[in-house]
Amino acid sequence: MANQLAVVTGASMGIGYNLAKVFAENGFDLVLGSEPEGLSKVEIDLRALGVQVKAVAVDLSKYDEVLRFWSEVEAVGRPVDAIAINAGIGSGGLFAETDLDVEIRLVRTNVEGTMHLAKHAVKHMVPRGAGRILITASIISEMVAPRELVYAASKSFDLAFAKGLRAELKDTGVTVTALQPGPTDTHFFDREGLSDTDAGTKGKKGNDPYDVAKQGFKALMEGDDHVYAASLSTKLQGALMGLVPDALQAKLHDDMTKPLEEK
Ligand SMILES: NC(=O)c1ccc[n+]([C@@H]2O[C@H](COP(=O)([O-])OP(=O)(O)OC[C@H]3O[C@@H](n4cnc5c(N)ncnc54)[C@H](OP(=O)(O)O)[C@@H]3O)[C@@H](O)[C@H]2O)c1
């Protein structure tokens, strides 16, 4: 039987790379989308798992680039069985001091890029009556998160979008699953300028990106609505955070993301 086909964005490293790896381990051919850094090595690594891989360098913060990426997916000429819309960036620091250009790029990637790519995936999958969509939100989607507030708001969008889309598509054969990782050991915190914080040091050690990806894949295949991934403490935090008053949530998050030298 022919392999199924999966699309994964943000696949050059971190959670996206591990999602692509888990898809490959489960016999999916792949179309990968990411900014160019590291993508050719990823392509070679994943081909070694015995699947076909097409890697497309793309900037998903740009409307025309999302269109080009989708045309590269369609050029494969096969139905897309699953898509993991995962590419995302963060921005750490106090809003009064952070760089607006970074935050606009963040919103364009995490919000506009996610929604735009989902539009193409939905229009492709619904007429076929089959497909699986995984959207990487976060545990932060449900938190009051000073010093990461634009990022948190973007991930709240991703979660709300995934939940609403799931409800709309419930009778179509297409499922939507939100992946909600806790702090995960990738380059994410360094890239958002939070490497010298509790979150960017001991906090991120709480979750291994391969474990996050395995749980995301399992939830996707089982058609679950969402999964808090991956450790027990992340699952507990996800389940209980709604019971914590906003002011305490804000204090806890501020503490985790404050530069160590200010503590
Ligand atoms: N790490 C965590 O603690 C954590 C927790 C919860 C949720 N998440 C979410 O998980 C997802 C992956 O994060 P990660 O931790 O794996 O981060 P990461 O290691 O920094 O990887 C991010 C990936 O997204 C790609 N990317 C970023 N902006 C892009 C753009 N404009 N166009 C195309 N590709 C782009 C990157 O490509 P390049 O490397 O080429 O830039 C990279 O492949 C994100 O949506 C993030 O919000 C992360």
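Now for a look at the structure at hand.

Scoring rules and cut-offs
- Residues numbered from 1 in each chain as written.
- Predicted model: local features only at pLDDT ≥ 70, side-chain atom pairs only at ≥ 80, totals over all residues.
- Heavy atoms only, no water.
- Near = heavy atom within 4 Å.
- Polar contact = N/O pair within 3.5 Å; in protein donor to acceptor, adjacent residues only side chain to side chain.
- Areas by Shrake-Rupley, 256 points an atom, 1.4 Å probe, with all protein chains shown as cover.
- Helix = DSSP H or I, 4+ residues; strand = E, 2+ residues; numbered from the N terminus.
- Nonpolar A, V, L, I, M, F, W, Y, C, P; charged D, E, K, R; others polar.
- Pairing = 2+ DSSP bridges.
- Axes fitted to C-alpha atoms, helices over the stretch in contact; angles between N-to-C directions.
- Contact = heavy atoms within 4.5 Å.
- Buried < 20%, exposed > 50% of the residue type's maximum accessible area, 1.4 Å probe, protein only.
- Right-handed = clockwise from strand over helix to strand, strands pointing away.
- Parallel < 35°, antiparallel > 145°, perpendicular 65-115°, else oblique.
- Left-handed = near helix turned anticlockwise from the far one by under 90°.

### A short note on the site of the ligand
Phase 1: Within the structure, the ligand sits among 33 residues, and Ser12, Leu60, Asn86, Tyr151 and Thr186 are positioned closest to it.
Phase 2: With respect to the ligand, the side chain of Lys155 contributes an N or O atom lying 2.9 Å from an oxygen atom.
Phase 3: In isolation the ligand exposes 900 Å². Once the protein is present, 98% of that is buried.
Phase 4: Every element with two or more residues in the shell around the ligand is listed here: α1 (14-25), α4 (100-125), α5 (149-168) and α6 (188-191).
Phase 5: Looking at the shell around the ligand element by element, the count peaks at three residues for α6.
Phase 6: Here the residues of the shell around the ligand sort into 13 nonpolar, 14 polar and six charged.

### Focus: the sheet that holds strand β7 (residues 226-229)
Sheets are built from strands paired through backbone hydrogen bonds, the pairs being either parallel or antiparallel.
Phase 1: Within the open sheet, the seven strands sit side by side as β3-β2-β1-β4-β5-β6-β7. Their pairing is parallel. Two strands bound the open sheet, and with one partner strand each, they are β3 (53-57) and β7. This sheet shows a mean twist of 15° between the axes of neighbouring strands, independent of strand direction.
Phase 2: In this structure, strand β1 (residues 4-9) lies alongside strand β4 (residues 82-85), joined through three bridges in parallel fashion. When the sheet's bridge partners are listed, Ala6 is paired in β4 with Ala82.

### With respect to the environment of Asp29
Phase 1: Here Asp29 lies in strand β2 (residues 28-34).
Phase 2: Separated by 24 residues in sequence, Asp29 and Val53 have C-alpha atoms that sit 6.0 Å apart.
Phase 3: Aside from chain neighbours lying at most four places away, what touches Asp29 is Asn3, Gln4, Leu5, Ala6, Val51, Gln52 and Arg78.
Phase 4: Among the polar contacts listed, one links the side chain of Asp29 to the backbone nitrogen of Gln52, at a separation of 2.8 Å.
Phase 5: A polar side-chain atom of Asp29 sits 3.0 Å from a polar atom in the side chain of Arg78.

### Quick notes on the pairing of strand β6 (residues 174-181)
A regular strand carries its side chains on alternate faces of the sheet.
Phase 1: Burial within β6 is extensive, with seven of its eight residues counted as buried.
Phase 2: Bridging between strand β5 (residues 131-136) and β6 involves six bridges; their strand directions are parallel. Note on β6: the bridge partner recorded for Leu134 is Thr177.
Phase 3: You can see the chain leave β5, run along α5 and come back into β6, and the turn it takes is right-handed.

### Digging into the packing of α1 against helix α7 (residues 209-222)
Phase 1: Where α1 contacts α7, the axes come no closer than 8 Å and their chain directions differ by 55°. By the angle between their directions, the pair α1 and α7 is classed as oblique. Handedness of the α1/α7 crossing: right-handed. Mapping the contact onto sequence places Gly14, Ile15, Asn18, Leu19, Lys21, Val22, Phe23 and Glu25 in α1 and Pro209, Tyr210, Val212, Ala213, Lys214, Phe217, Leu220 and Met221 in α7.
Phase 2: The residue inventory of the contact of α1 with α7, partitioned by class, reads 11 nonpolar, two polar and three charged.

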